[in-house]
Amino acid sequence: MTLLQKDKQFVWHPFTAQKNRLPPIPIVQAKESLLFDEQGKSYIDAISSWWVTLHGHANPHIAQKIFEQALKLEQVIFAGFTHQPAVALAEKLLEKLPGGFSKIFYSDNGSTSTEVALKMAIQFWWNNDSQSKRKKILAFKNAYHGDTFGAMGVSERSVFTLAFQDLFFEVIFIDTPDENNLPALFKIIDAHAENIAAFIYEPLVQGAGGMKMYQAEYFNLLLQKVKSHDIICIADEVMTGFFRTGKFFASEYMEIKPDIICMSKGLTGGTMALGATACTDRIYDAYSSDNPLHTFFHGHSFTANPIACSAALASMELLDKEDCREKIRLLTLVIDQFTRQLNMLQGKLERPVKNIRHLGTILAFEIDEGKNEYLNSISKTITEKALKTGIYLRPLGNTVYIMPPYCITEHELKLVFDFMLSLLK
Ligand SMILES: Cc1ncc(COP(=O)(O)O)c(C=O)c1O
């Protein structure tokens, strides 16, 4: 049997309709921005393999650190034991995080990092007062925070969550803020405030919801209102962290800082599965108690895996280098220029586009055809066309976007932009 035949027989792929599925492409190797298939054909990974890859694939510095750590200490239970990579990474992250963060809680992916944050916030109120009425969560419409139950529960009720709709806890969903809707949003928050434990949000860019962006200025005012009611603010930076939006964390764009920050994806430079949830002393102090019932009873077998922590430390070393910062600045600049070019072409293009937008290293727009939804079949057509030209794009329905690794070359970026233009002309 070939690899593809075996794949069909033995494997179930994520986010993939199983019947009549196209065969997946076997990838045998990757280097920097390029993925190589069995025939040696290359594909520019314009979406950083689901938004994880920062410094490019098979980065030698990270690979070396992974190798060294694997030979030294590959795994140890993290309850009752500790190790240098986990402590060093926590120290490093706390140095970089915006606001007054004091502790890092490890898990192993983006969904668990948000799940941990929600549990941490809800139990915070319970530890302080076991009769607390603060159990509801405030979240944005169109949000996506992951696929575990709690994370799904605070995400948009969409095709992703349809089968589970009746099983979620109570969430108050509001629109993202703009210049017109703040008074209406304030009214909803005021009405429910005493029952709200926490507010969870993707700062400035709603990723899986279609790379929807909203402005820091209005969001800061919303955060001010939420904080005035003592509601715990959870910034889900799983996608936006590590310079995707041009700053180390998107939360830096706002003056009002969160109480909890969730990280994953780019945390290890995109090389290994790791999640981290940071909290402030205010949150942590509720768990620093003589009552054993105030313990945070949460953990995963691979919590703070030493190899993953070493990969994250290696990625952070690269992020601290001036040439990496320069690449991010350049990428942001070139994406900004292309956004302007697209805006100038708007109206002159054969295929109508709308909502052309960018923030930092992320660019997105909608093709105005069919419904604005994830199941819009344009996505599949575009992915197939792009693959033929040696580019990997995976539109979210009719939302076309790019989020390349920082090492993408100007030439590769030009090929991606040319392909996007060819779609529209
Ligand atoms: C903002 C955000 N939160 C959480 C997640 C879930 O992360 P993971 O897929 O690692 O579970 C994602 C994944 O796309 C995300 O974009």
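Residues numbered from 1 in each chain as written. Predicted model: local features only at pLDDT ≥ 70, side-chain atom pairs only at ≥ 80, totals over all residues. Heavy atoms only, no water.

**Q** So what about the overall build of the protein chain? Which residues, and what values?
**A** Check the secondary structure of the protein chain and you find 13 helices and 16 strands. Radius of gyration (C-alpha) of the protein chain: 22 Å, near the 22 Å computed for a compact globule of 425 residues. Each of the 425 residues in the protein chain was classed as buried or not, and the buried ones make up 52%. Taking all contacts inside the protein chain whose residues are at least 6 apart in sequence as the whole, residues at least 24 apart take part in 70%. (Helix = DSSP H or I, 4+ residues; strand = E, 2+ residues; numbered from the N terminus. Rg over C-alpha atoms; globule rule 2.2 N^0.38 Å. Buried < 20%, exposed > 50% of the residue type's maximum accessible area, 1.4 Å probe, protein only. Contact = heavy atoms within 4.5 Å.)

**Q** Requested: an account of the site of the ligand, with residues and values cited.
**A** The environment of the ligand is formed by Trp51, Asn109, Gly110, Ser111, Tyr144, His145, Gly146, Glu202, Asp236, Val238, Met239 and Lys265. Gly110 has a polar backbone atom sitting 2.9 Å from an oxygen atom of the ligand. At 2.6 Å from an oxygen atom of the ligand is found a side-chain nitrogen or oxygen belonging to Ser111. Out of a free accessible area of 390 Å², the ligand has 84% covered by protein chains. A breakdown of the residues in the shell around the ligand according to their chemical character gives four nonpolar, five polar and three charged. (Near = heavy atom within 4 Å. Polar contact = N/O pair within 3.5 Å; in protein donor to acceptor, adjacent residues only side chain to side chain. Areas by Shrake-Rupley, 256 points an atom, 1.4 Å probe, with all protein chains shown as cover. Nonpolar A, V, L, I, M, F, W, Y, C, P; charged D, E, K, R; others polar.)

**Q** Describe the pattern of salt bridges, listing the residues and the values that go with them.
**A** Within this structure, the stated rule accounts for 19 salt bridges. Arg282 is the salt-bridge partner of Asp230, the closest N and O atoms lying 3.3 Å from each other. One end of the pair, Asp230, is in the loop between helix H8 (216-228) and strand S10 (232-236); the other, Arg282, is in helix H9 (residues 281-285), and 52 residues separate them in sequence. Notably, a salt bridge pairs Asp320 with Arg325, separated by 3.3 Å at the nearest N-O pair. Look at Arg325 and you get partly exposed, because its relative accessible area is 22%. Among the charged side chains, a salt-bridge network with shared partners connects Lys92, Glu95, Lys96, Asp320 and Arg325. (Salt bridge = Lys/Arg side-chain N within 4 Å of Asp/Glu carboxyl O.)

**Q** An account of the side chain of His55 is needed here, citing residue identities and associated values.
**A** By secondary structure assignment, the location of His55 is in the loop between helix H2 (48-51) and helix H3 (60-72). One polar contact links His55 to Ser315, side chain to side chain, over a distance of 2.9 Å.

**Q** Tell me about the domain arrangement of the protein chain, and name the residues and values.
**A** By domain assignment, the protein chain separates into domain 1 (3-58 + 322-424) and domain 2 (62-319). The centre of domain 1, based on its C-alpha atoms, is set 26 Å off from the matching centre of domain 2. Every contact between the two is made by 28 residues of domain 1 and, on the other side, 29 residues of domain 2. In total, about 2,400 Å² of surface goes out of reach between domain 1 and domain 2, with carbon and sulfur atoms giving 68% of it. At the junction of domain 1 and domain 2, the tally comes to 15 residue pairs in polar contact (both at pLDDT 80 or more). (Domains from an automatic or database assignment. Buried area = accessible area lost by both parts, 1.4 Å probe.)

**Q** For the sheet that holds strand S6 (residues 171-174), give the residues involved together with the corresponding values.
**A** The seven strands are arranged S4-S12-S11-S10-S7-S5-S6 in an open sheet whose pairing can be described as mixed. Since the sheet does not close on itself, it has two edges, and those belong to strand S4 (101-107) and S6, each with one partner. Within this sheet the neighbouring strands show an average axis-to-axis angle of 20°, counted without direction. Pairing of strand S5 (residues 136-140) with strand S7 (residues 196-201) involves four bridges; the strand directions are parallel. (Pairing = 2+ DSSP bridges. Axes fitted to C-alpha atoms, helices over the stretch in contact; angles between N-to-C directions.)

**Q** Any chance you could break down the environment of Glu326 for me, citing the residues and the numbers?
**A** Here Glu326 lies in helix H11 (residues 322-345). Measuring from C-alpha to C-alpha, the distance between Glu326 and Tyr406 comes to 9.5 Å, with 80 residues separating the pair along the chain.

**Q** Can you tell me about helix H10 (residues 306-319), naming the residues and giving the values?
**A** Given 3.6 residues to a turn, an α-helix orients residues that are three or four positions apart in the same direction. The end-to-end C-alpha separation of H10 is 20 Å, in line with the 20 Å expected for 14 residues at 1.5 Å each. Along H10, 13 of the 14 residues are buried, which leaves the element largely enclosed by surrounding structure. One side-chain oxygen of the residue at the start of H10 lies 3.1 Å from the amide nitrogen of Ile307, identifying that residue as Asn305. (Expected span 1.5 Å × (residues − 1).)

**Q** Mind laying out the sheet that holds strand S2 (residues 34-37), listing which residues take part and the relevant values?
**A** Across the sheet, four strands lie side by side as S1-S2-S3-S15; this open sheet has mixed pairing. Both outer strands of the open sheet, strand S1 (27-31) and strand S15 (391-392), are each paired with one neighbouring strand and no more. Bridge analysis of S2 against strand S3 (residues 42-45) gives three bridges, and the strand direction is antiparallel. By the bridge assignment for S3, Phe36 is matched with Ser42.

**Q** So what's going on with unusual backbone geometry? Which residues, and what values?
**A** With a phi angle near 45°, Ser49 is a residue other than glycine that sits in the positive phi range. When you line up the elements, Ser49 lands in helix H2. Judged by relative accessible area, Ser49 falls into the partly exposed class, the value being 29%. In the Ramachandran plot, Met211 falls in the positive-phi region, its phi being about 50° despite a non-glycine side chain.

**Q** Help me get a handle on the pairing of S5, residues and values and all.
**A** S5 sits mainly inside the fold: five of its five residues count as buried. Residue alternation in S5 divides its side chains into two sets, Lys136, Leu138 and Phe140 and Ile137 and Ala139, and both sets are buried. Inspection of the sheet shows S5 paired to S6 by four bridges, in the parallel sense. Within S6, the position partnered with Ile137 by the bridge is Val171.

**Q** Describe the environment of Trp50, with residues and values.
**A** Note that Trp50 resides in helix H2. You can call Trp50 partly exposed: its relative accessible area is 34%. Other than its neighbours up to four places away in sequence, Trp50 contacts Pro14, Phe15, Lys265 and Arg394.

**Q** For the side chain of Asp37, give the residues involved together with the corresponding values.
**A** Structurally, Asp37 can be placed in strand S2. For the buried Asp37, which has no salt bridge, the nearest side chain bearing the opposite charge is Lys41, at an N-O separation of 6.6 Å. Polar side-chain contacts of Asp37 include one of 2.9 Å to the backbone nitrogen of Lys41. In contact with Asp37, not counting residues within four places along its chain, are Ile25, Pro26, Ile27, Val28 and Tyr43. (Lys, Arg positive; Asp, Glu negative; His and termini not counted.)

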